[in-house]
Amino acid sequence: MLNPLEHPVCLEFPLRLEETAWAQHVPFAMFIISAMRPRVFVELGSFRGVSYCAFCQAVKSLNAPTECFAVDTWAGDAHAGALEENVLDDLRAHHDPLYADFSRLVQATFDEALAEFADASIDLLHIDGFHTYEAVRHDYETWLPKMSARGVVLFHDTEVRERDFGVWKFWAEVKSERPHFEFLNGYGLGVLAVGAEIPDGLEFLFRADENETRLIRDFFHQLGLRVESAEKVKAQQNQIETLHDYIEVLKTYEKVIRSSKTLRAYRVLKNEGFGGLMKKGFGKSGKNE
Ligand SMILES: C[S@@+](CC[C@H](N)C(=O)[O-])C[C@H]1O[C@@H](n2cnc3c(N)ncnc32)[C@H](O)[C@@H]1O
């Protein structure tokens, strides 16, 4: 059974905490690095890098022998929307000083990046790209030959049934063939053992009975809620800062308007009529600027 005291890294607070649907799974990301000690970890779909940096943070904290790769075009997709231009630069500014000695951000499509990895070389793969049934199936099938004998694949959004999300449907198919575990919180995270061996540290997940499953889910859910609450507070603080910036701009604008000759002329015209305007010298150049 899981003994959290053997994996204290899952209690670490994430250093990278931007807007994301992944916040609740940060403790499990850190845990699985501790339990598996993968040699190669690849993430398909990193966006602002919250999930990816959680894996990297655990690798660094544990001094684990893991090479990490984040693959993304950083162009966005129909579900994530088009990404702002500075998303990748912002991620690099956080990532490079901390993790560049064992991790690389690969700007490419998932299909283009395939050629960079030898067959049977990846121990841990996280699929979090485009979420239609066809896309997730394609990503899984094209990357499966790259998985090692102790390979584990994570699928995010297994519980989302809105719009054309189809991970839930693919997950239902694929989990019936392999040892698996699913977290239902945080839009769902599927954990699938795809190799001939199950990594020792993860056996308890795949062998959990009903009661253990409930406890494991609850344990990681509770830890995840702490991370998600902090993420929401940070997002609100950012919104408040943006509002403050707008208010400052409006105040400056108001000052400019109040001190403008046109506005003062309008006030005089309104209160004192045309005669007032002439008396106060409006219309003569160089006056009342
Ligand atoms: C849901 S977001 C990833 C969220 C991220 N894991 C997090 O922690 O918040 C999906 C990302 O996948 C990328 N993406 C989708 N399809 C892709 C493809 N075929 N090749 C490369 N990147 C892709 C998008 O650019 C987007 O940044």
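Computed from a prediction, not measured in an experiment: that's the story for all the values here.

Peer 1: Explain the overall build of the chain residue by residue, including any values.
Peer 2: From N to C terminus, the chain includes nine helices and nine strands. In terms of C-alpha radius of gyration, the chain reaches 27 Å, well past the compact-globule figure of 19 Å for 289 residues. Summarising its shape, the C-alpha atoms of the chain cover approximately 95 × 40 × 40 Å along the three principal directions. The proportion of buried residues among the 289 residues of the chain is 46%. Residue pairs at least 24 apart in sequence account for 76% of intrachain contacts in the chain once pairs closer than 6 positions are excluded. Taken as a whole, the chain presents about 15,100 Å² of accessible surface, with 53% of it coming from carbon and sulfur.

Peer 1: Run through the sheet that holds strand E5 (residues 103-107), naming residues and quoting values.
Peer 2: Taken together, the seven strands give an open sheet; going across it, the order is E5-E2-E1-E6-E7-E9-E8, and neighbouring strands pair in mixed fashion. Every other strand in the sheet has two partners, leaving E5 and strand E8 (180-183) as the edge strands with one partner each. Between one strand axis and the next, the sheet turns through 15° on average, direction left out of account. The sheet contact formed by strand E2 (residues 67-72) and E5 spans five bridges and is parallel. Considered in E5, the bridge of Phe69 is made with Arg104.

Peer 1: So, helix H6 (residues 167-175): which residues are in play, and what are the values?
Peer 2: Within the span of H6, buried status applies to Val167, Phe170, Trp171 and Val174. All buried residues of H6 project into a common sector of 105° when viewed along the axis, lining one side. Along its buried surface, H6 packs onto helix H5 (133-143), strand E7 (147-156), E8 and strand E9 (189-193).

Peer 1: For a nonpolar patch on the surface, give the residues involved together with the corresponding values.
Peer 2: A grouping of Leu250, Tyr253 and Ile257 is seen on the molecular surface, where their side chains present a nonpolar patch of about 320 Å² in accessible area. Looking at the element boundaries, Tyr253 is found in helix H8 (residues 210-258).

Peer 1: Residue-level account of unusual backbone geometry, with values.
Peer 2: Excluding glycine, residues mostly have negative phi values, and the peptide bonds linking residues are mostly trans. One non-glycine residue with positive phi stands out, namely Arg37, at about 45°. One non-glycine residue with positive phi stands out, namely Asn63, at about 55°. Its place among the elements puts Asn63 in the loop between helix H2 (50-62) and E2.

Peer 1: Tell me what's going on with the site of the ligand, and back it up with residues and numbers.
Peer 2: The environment of the ligand is formed by 20 residues, the closest being Thr20, Ser51, Asp72, Gly76 and Asp128. Within the backbone of Thr73, an N or O atom sits 3.3 Å from a nitrogen atom of the ligand. Gly76 is positioned with one of its backbone polar atoms (N or O) 3.0 Å from an oxygen atom of the ligand. Starting from 610 Å² of accessible surface for the ligand in isolation, the protein chains cover 87%. Within the shell around the ligand, the residues separate by chemical class into eight nonpolar, nine polar and three charged.

Peer 1: How would you sum up the nonpolar core? Please name residues and give values.
Peer 2: In this structure, Phe28, Phe31 and Ile32 are the most contacted members of the largest nonpolar core, which totals 52 residues. With nine residues, the top contributor of residues to this core is helix H1 (residues 26-36). Setting aside chain neighbours within four positions, we find Phe31 in contact with Leu2, His7, Cys10, Gly201, Leu202, Phe204 and Phe220. With 27 residues, the next largest nonpolar core counts Phe69, Ala108, Phe110 and Tyr133 among its residues.

Peer 1: Run through the side chain of Thr213, naming residues and quoting values.
Peer 2: Relative to the helices and strands, Thr213 is located in helix H8. Sequence-distant contacts of Thr213, defined by excluding residues within four places in its chain, comprise Phe181 and Ala208.

Calculation criteria
Residues numbered from 1 in each chain as written. Predicted model: local features only at pLDDT ≥ 70, side-chain atom pairs only at ≥ 80, totals over all residues. Heavy atoms only, no water. Helix = DSSP H or I, 4+ residues; strand = E, 2+ residues; numbered from the N terminus. Rg over C-alpha atoms; globule rule 2.2 N^0.38 Å. Buried < 20%, exposed > 50% of the residue type's maximum accessible area, 1.4 Å probe, protein only. Contact = heavy atoms within 4.5 Å. Areas by Shrake-Rupley, 256 points an atom, 1.4 Å probe, with all protein chains shown as cover. Pairing = 2+ DSSP bridges. Axes fitted to C-alpha atoms, helices over the stretch in contact; angles between N-to-C directions. Arc of directions from axis to C-beta. Patch = residues over 30% accessible without salt bridge, like charges linked within 9 Å, V, L, I, M, F, W, Y side chains within 5 Å. Salt bridge = Lys/Arg side-chain N within 4 Å of Asp/Glu carboxyl O. Near = heavy atom within 4 Å. Polar contact = N/O pair within 3.5 Å; in protein donor to acceptor, adjacent residues only side chain to side chain. Nonpolar A, V, L, I, M, F, W, Y, C, P; charged D, E, K, R; others polar. Core = buried A, V, L, I, M, F, W, Y, C linked by side-chain atoms within 4.5 Å.

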